[in-house]
Every structure is written in structure tokens, then in C-alpha cells.
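Here is how the chains run, residue by residue.
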Amino acid sequence: MIKLEKPATPQILIDKSADWTSTLLALVQQYSEYSKIPTTVKETVLKNYRHVQIKEALYPSSNKKCAFCESFPEDSGNIEVEHFHPKSLYPSEAFDWNNFLPCCRKCNSAKSDHDTKTSPIINPYIDDPENHLDVETICLKPKDQLGQNTIDVCQLKGTRLYRPFSDLLVNFKQFEDDLKDALDELAEKNTPIKKRNHLIKIREAIDRLENLMKPQSQYSFFCKKTITSSNVYQRAKILLEKEDAKAS
Ligand SMILES: [Zn+2]
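Note that the structure is predicted; figures quoted are calculated from it, not measured. (Residues numbered from 1 in each chain as written. Predicted model: local features only at pLDDT ≥ 70, side-chain atom pairs only at ≥ 80, totals over all residues. Heavy atoms only, no water.)

*Asks:* What's the story with the overall build of the protein in this structure? I'm lost.
*Replies:* Helix and strand content of the protein: ten helices and four strands. Starting at the N terminus and walking to the C terminus, you meet the elements of the protein as α-α-α-α-β-β-α-β-β-α-α-α-α-α. By its C-alpha atoms, the protein is 85 × 35 × 30 Å across when sized along the principal axes. Each of the 248 residues in the protein was classed as buried or not, and the buried ones make up 44%. Long-range pairs, those at least 24 residues apart, make up 69% of the contacts in the protein with a sequence separation of at least 6. When the accessible surface of the protein is totalled, it reaches about 13100 Å², and 51% of it is carbon and sulfur. (Helix = DSSP H or I, 4+ residues; strand = E, 2+ residues; numbered from the N terminus. Buried < 20%, exposed > 50% of the residue type's maximum accessible area, 1.4 Å probe, protein only. Contact = heavy atoms within 4.5 Å. Areas by Shrake-Rupley, 256 points an atom, 1.4 Å probe, with all protein chains shown as cover.)

Have a look at this one:
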């Protein structure tokens with residue numbers, strides 16, 4: 001889970017949000033409560049929040065990943081438009097742009113109609129998840145109650161995340177071993193050309209690793225936390241910074 005920036009409100013919502021909201025609120029009044037509105041009746045207005053213009057404006061803001069678990073749709077089911085504050089409890093926010101986030105089916109069904117106002121969780125468009133979450137081996141670890149609530153409510157635990165995290169961890173460990181060998185071998189490079197070529201290899205290896213930490217990569221929060229905590233990675237970064245300083 002990483003910090004996201006909400007794009008500008010799409011035109012369709014500027015034009016229609018108020019109408020759609022009043023239609024839904026009229027139905028709530030007519031049937032006395034939200035849960036009593038027949039599904040087919042409700043759907044005539046609710047289908048609007050899944051409008052293609054809304055999806056096209058929203059999904060790039062999370063690099064087409066789930067805003068909670070950072071999975072790609074092929075791993076966790078389609079990305080859907082999710083209401084941060086559930087529409088069943090807060091129908092007046094059913095067409096509020098600030099209440100939307102892209103969410104995978106697994107997180108969406110875990111979160112369900114959890115009341116995010118009485119028991120808040122991280123909203124990545126408002127809160128920086130780094131302030132509330134950390135990583136420990138193959139698990140997300142809460143830093144505070146907001147982090148704990150988010151893990152519990154969205155079920156950011158269990159096999160669906162432990163498995164990809166452990167695959168990444170195995171790859172990182174192998175990579176770390178190779179990087180350590182490359183750093184140790186640098187001292188043996190006894191000509192400037194050999195040394196320079198060896199440094200290029202180390203730099204390319206670091207670049208490949210850092211690509212996994214970029215927002216467009218799957219599980220980038222886990223990758224960033226795991227990689228930046230590696231002593232070998234830190235050693236390589238310091239070495240490259242020194243070389244850059246020498247060259248400039
Ligand atoms: Zn998810």
C-alpha cells in the first residue's frame with residue numbers, strides 16, 4: 001500500500017453527481033432504508049458509479065493496481081470502483097469522487113460494508129501508508145492502530161499475500177548474495193577499465209532492484225521496505241554515491 005494522488009474530478013461526475021445522489025437518496029426515503037431497496041431498482045442508479053469515464057480517470061492513479069494490496073487484476077480479480085465509506089451506510093457519498101478508490105475483488109469483499117467513519121482505516125489518497133505500516137519478513141506489520149485496522153479490515157494477510165511476498169523475498173536473498181559477491185570482487189579488479197566495467201554491472205543490478213520499488217510495480221511497498229533494509233543494498237548505494245562524487 002502506497003500513497004496515491006487523486007486526479008481531477010471527471011466531467012461526468014461534475015455534470016451528474018448531484019442528480020445521481022438525489023435519485024439514490026429519494027429511493028432510500030421511498031423504501032425507508034438503503035438495504036430495503038430492491039437490487040434491480042438500486043442498480044438503475046448505482047450502475048453510474050461504474051461509468052467508463054470514472055474508471056478511466058481513477059485506475060491510472062494507482063497504476064491499475066489495487067489501492068490496498070497493490071496486486072494487479074490478474075492476481076486478485078478485476079479492479080473495481082470501491083467506495084471508501086460504504087455506500088450502504090453513506091449513500092450521500094455514493095457518487096462522491098473523493099470517496100472512490102480502485103480495489104481488487106479480494107480486498108473489496110473483505111472490506112465489505114465496514115464502517116470506515118466509526119472505525120477508520122488507511123485511505124491512501126489522504127494518509128501516507130508508510131506512517132502506519134511496515135514489513136516484517138513476508139508480513140505487513142502495523143505501526144499503529146490505523147495500520148492494524150487496515151490489515152484486519154482488508155485482510156492484508158494470509159496466503160494470497162504471503163505467497164507472492166515469499167517469492168519476492170527468495171529472489172531478493174539470491175540477488176543480495178550475488179550483489180555481495182560483486183562488491184567483494186571489486187577490490188580484485190586491478191585496472192581502471194576492469195573496475196569501471198564491474199561498477200557498471202553493480203549499477204545495473206541496483207537499477208533492476210530499484211525498479212521493483214517504483215509505484216508502477218506490483219507490491220512496491222513490500223519491495224521498497226525489504227530492499228532498503230538490506231545492508232548489502234545500502235553498502236552498494238554508498239559505494240556508487242562515492243564513485244559518482246569522484247566522477248563529478
Ligand atoms: Zn486488493
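*Asks:* Sorry, what's going on with the coordination of the zinc ion here?
*Replies:* Around a metal, the perfect tetrahedron of four donors has angles of 109.5 degrees, and the perfect octahedron of six donors has angles of 90 or 180 degrees. Protein ligation of the zinc ion involves C66 (SG), C69 (SG), C104 (SG) and C107 (SG), the donor distances falling in the range 2.3 Å. Between the four donor atoms coordinating the zinc ion, the angles at the centre fall across 106 to 113°, so the site counts as tetrahedral. One chain supplies every donor to the zinc ion, and in sequence these donors are spaced C-x2-C-x34-C-x2-C. Residue C66 is found in the loop between α3 (52-58) and α4 (73-76), and its partner C107 is found in helix α5 (residues 105-111); the two are separated by 41 residues along the sequence. Both residues of the pair, C66 and C107, belong to the buried class. (Donors = N, O, S within 2.8 Å, 3.2 Å for Na, K, Ca; no water. Tetrahedral: all angles 85-135°; square planar, octahedral: opposite > 155°, others 65-115°.)

*Asks:* Which parts of the structure should I look at to understand helix α7 (residues 159-186)?
*Replies:* Working note: α-helix, 3.6 residues per turn, so residues spaced by three or four point in the same direction. Given a rise of 1.5 Å per residue, 28 residues ought to cover 40 Å, and the 40 Å separating the end C-alpha atoms of α7 matches this to within 8%. Against β4 (139-142), α8 (192-211), α9 (220-228) and α10 (231-247) lie the buried residues of α7. (Expected span 1.5 Å × (residues − 1).)

*Asks:* It is not clear to me how the packing of aromatic side chains should be interpreted in this structure. Could you clarify?
*Replies:* In this description, a pair of aromatic rings is defined by centroid distance and the angle of the planes. Inspection of every chain in the model, using the stated rule, returns five aromatic pairs. Taking 5.4 Å as the distance between ring centres and 90° as the angle between the ring planes, the aromatic pair formed by F165 and Y219 counts as edge-to-face. Within this pair, whereas F165 is found in helix α7, its partner Y219 is found in the loop between α8 and α9, the two being separated by 54 residues in sequence. Across the pair, Y219 and F165 agree in class, each one buried. Ring plane angle 5° and centroid distance 4.2 Å describe the contact between F165 and F222, whose orientation is recorded as stacked. Of the two residues, F165 is situated in helix α7 and F222 in helix α9; the sequence distance between them amounts to 57 residues. F165 gets classed as buried once you look at its relative accessible area, which sits at 4%. Through a chain of ring-to-ring contacts, the aromatic side chains of Y49, W97 and F100 assemble into a single cluster. Between K117 and the ring centre of Y90, over which it is positioned, the NZ or CZ distance is 4.5 Å. (Phe/Tyr/Trp six-rings, centres within 6.5 Å; stacked < 30°, edge-to-face > 60°. Lys NZ or Arg CZ within 6 Å of the ring centre and 35° of its normal.)

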